[in-house]
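# Residue-level structural notes
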Amino acid sequence: MSTLVFSRYSITNEEKIDSTIEQILQKFQDIFDVANVEDKSKELLAVESLTIESDAFMIIRLCEDMLTMTRGLKEVWCLGTMRVEEGDVSETIDVAKVYEKFNQLIDTINQKDIEV
Amino acid sequence: MSKYTSRYQSFHSQLTSRDKLSVAELIPRILQERNSFLYISEESLENEIEHKNSSEAESQEPDNVFAQPDEIDSYELFQKNKVELAQQLNSALNETSLSLDFVSLLLSSVKVNLGKSTMSPHLTQNVPPGSLNADRLSKYDDPNDMQSKVANLGNGWKGESIEKITGLFRNASMKLNEQVIKEKTYWELLINVLDHDEVLYKTRDPLDNSRAIGVKYGYSASGSSYRDEGNAILRKDPSSGAISFVPISRGRAGTKICKYIKVRILTKVDDDYLLTGQSLFDKKFAGKNTSAIINDIEKARYFVFQEDLFYHLTREAKGLINYNILIISNKIIIEVDNELIEIESVVFDEDDEEELNNLYQNTNQLSSSNNRRAEAILIFMNLMLCCFYKYNLSLKQKVPTAVTKWKQQNSHPLILRPLLGHIRHELNVSSLRSVLKNHIGAFKQDLELELEVIQYSNLQAQELDKSFENPFQKAIEAPCTTFKLRCKRRDGRVLETVIDVTSTEIFVNLVLNLNVTKYDSGSDCKQHDNGANVLQNTFYDLNEVDECLNWTIMNFINQDSTITSADG
């Protein structure tokens, strides 16, 4: 159950990361697209220079989002999973040995070394 | 028309009120009319009056010209201004609506609806929308010249923007880089903790209610019912991203006082108790794993167990106060057979190496002779608490019924009782052995006596079968040692006395089960065949057994063989 939930969350999160990266690249490309002056009108140039700034802010915000997302992903990986150790289970406890040792322990307690 | 009448009225009133004016009012008035007193002389005034009187009949006009600006009173001025303002407002409104109409008409060619909504009804009726168009006219004659100027402006603007975003990117990347480094440290440490097989969970920091990751270091999930569940927060240091271990108890964060349990054994020597052994604190937290955080977790885990253990010990000790057990603040003292066993909860002080290493412990042979026993007692107590945890856990895993719930709430670990029980049992066994030896000594002339001792006879069946269901059976069951004393008469009759030395369920009360059987011959006795039960009783005191046994054997010796056989 937990692995199912984990994988679903993980997949959506990874998809989100992919789309964020895509957006960042797109915005970066946009900046260069509008960076040229050519024979544009004054108004368009003014708007474009503001677009450059807003795109830059957007890129920064998306990068910050990425950090949050990866943090969430790590949290899920660390807290939402259960590790199953192999080999440890097969090890049987030697009950007889424990029994013997424990009885020895009680004997040690009872045994008085000092005679008054 | 109205203007004229009002002016006339004001002039008339001025003429009538001239004589009433005060000097202060009069002088500025004269100054205004004649400009200056410099040009006024008596003669000129006389002339003027004469001239005035003669021309007064002719016309009033010249006077009227002088007086006109002053004759207008404030009310009239206000009225006049008001009318003017209204006119100007009207024309402004007119012009505005005209320009609005113009703009709307211009706009209607591009956005029809928007233009229509602001057009005046008159315009919409007479002019079709979209019928006005405009072209931009350049004030530059040379289009190339204009373009190059705009291009320069554009270069400037864009250069500025790009410079600005470069700065933004630089700052943001520095900030993000710092954060990434912090995150890296944080998660590396966390992975370290996770690799140590710790249980991590999401929680909130009670300090500022921010999100945090907690670690379960205690035994609450492993069967412990102690009030301290052993939760802690891995608090992130906002400046470096490093994590620190902050235990939480009762919803509050903070450091705890670490206490560990020390066992001391004092032995009575010449009416004085001397220290003959004590347990060693040999827990080393700084193991091969050098991570400080894991160290902290291990330490907290160790001390929460010790705390839990002492809590259960005191609870158990309360029920055993009648059996020479004392509880003094953080110390439990068990007095048994010339010995004091002290179980003390000691505050852990990392700097006090002398205390921790027990430097003064092994000063001489006497003071260290019981060290092994003290260690064994400590290990025994720890083990028993672990067993209790395991038992609790098994209860939790069962289907919850009223019985299991009751058991969960009313289970208490067996720690002190078996400890004390075994020590007492050993004493009882040795006392009984000496009693029996005395009997053997006393009757060896008349009888052939044979003593067999089976220690822990209650466990023998298990040991023979090699079926160890519970390796800690010895501590759970009340110990039982069986003494078999066979008395053989010269005529071959055998009296077998079986004494079970055991205790009640709480381990501390002595119970002696005596069972005496008579056989006709030694072979019958070995096969437990044809035996006649002589006596079967339970005693709670060693002296009673002693007396009873004495009487039984005496009776056996003195019995006539014929009567005995008839009895048999």
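One can find the structure itself at the top, above this paragraph.
Structure report, in brief. Quantities reported herein were computed from a predicted structural model and do not represent experimental measurements.

Parameters and conventions
Residues numbered from 1 in each chain as written. Chains lettered and ligands numbered in written order. Predicted model: local features only at pLDDT ≥ 70, side-chain atom pairs only at ≥ 80, totals over all residues. Heavy atoms only, no water. Helix = DSSP H or I, 4+ residues; strand = E, 2+ residues; numbered from the N terminus. Buried < 20%, exposed > 50% of the residue type's maximum accessible area, 1.4 Å probe, protein only. Contact = heavy atoms within 4.5 Å. Patch = residues over 30% accessible without salt bridge, like charges linked within 9 Å, V, L, I, M, F, W, Y side chains within 5 Å. Areas by Shrake-Rupley, 256 points an atom, 1.4 Å probe, with all protein chains shown as cover. Salt bridge = Lys/Arg side-chain N within 4 Å of Asp/Glu carboxyl O. Core = buried A, V, L, I, M, F, W, Y, C linked by side-chain atoms within 4.5 Å. Domains from an automatic or database assignment. Pairing = 2+ DSSP bridges. Axes fitted to C-alpha atoms, helices over the stretch in contact; angles between N-to-C directions.

The next subject is the environment of I377 of chain B. Examined against the element boundaries, I377 of chain B turns out to sit in helix α12 (residues 371-397). By relative accessible area, I377 of chain B is classed as buried at 0%. Counting along the chain gives 114 residues from I377 of chain B to V263 of chain B, while the straight-line C-alpha distance between them is 7.4 Å. Not counting residues up to four positions away in its chain, the partners in contact with I377 of chain B are I109 of chain A together with V263, I265, I341 and L419 of chain B.

Time to look at a nonpolar patch on the surface. All names here are of chain B. Judged by side-chain polarity, V23, I27, L31 and F37 come together as a nonpolar surface patch covering roughly 350 Å² of accessible area. Looking at the secondary structure, you find V23 in helix α2 (residues 23-34). For V23, a relative accessible area of 58% corresponds to the exposed category.

Glancing now at the nonpolar core. Residues L313, I334, I343, F380 and M381 of chain B are the most contacted members of the largest nonpolar core, which totals 42 residues. At the level of elements, α3 (95-110) of chain A together with β6 (259-269), α9 (292-318), β9 (331-335), β10 (339-347), α12 and α14 (416-443) of chain B are the ones that each hand at least two residues to this core. The element best represented in this core is α12 of chain B, accounting for 10 residues. Counting contributing residues per domain, this core is built from domain 3 (260-399) and domain 4 (418-567) of chain B, each supplying no fewer than three. Ignoring any residue separated from it by four or fewer positions in sequence, one finds L313 of chain B in contact with I261, I332, I343, M381, I415 and L416 of chain B. The next biggest cluster of nonpolar side chains, apart from the first, holds 24 residues, and it includes C487, V501, V516 and I553 of chain B.

Now for the sheet that holds strand β13 (residues 494-503) of chain B. Residue and element names in this part refer to chain B. Taken together, the five strands give an open sheet; going across it, the order is β11-β12-β13-β14-β15, and neighbouring strands pair in antiparallel fashion. Of all strands in the sheet, those with a lone pairing partner are β11 (448-454) and β15 (532-539), marking the two edges. Geometrically, the sheet is characterised by an average inter-axis angle of 10° between neighbouring strands, direction not taken into account. Judged from the 10 bridges that link them, β13 and strand β14 (residues 510-519) form a sheet pairing that is antiparallel. Paired with L495 across the two strands is K518, which belongs to β14. Here α14 sits on the sheet in contact with β11, β12 (481-488), β13 and β14, set at roughly 5° to β12.

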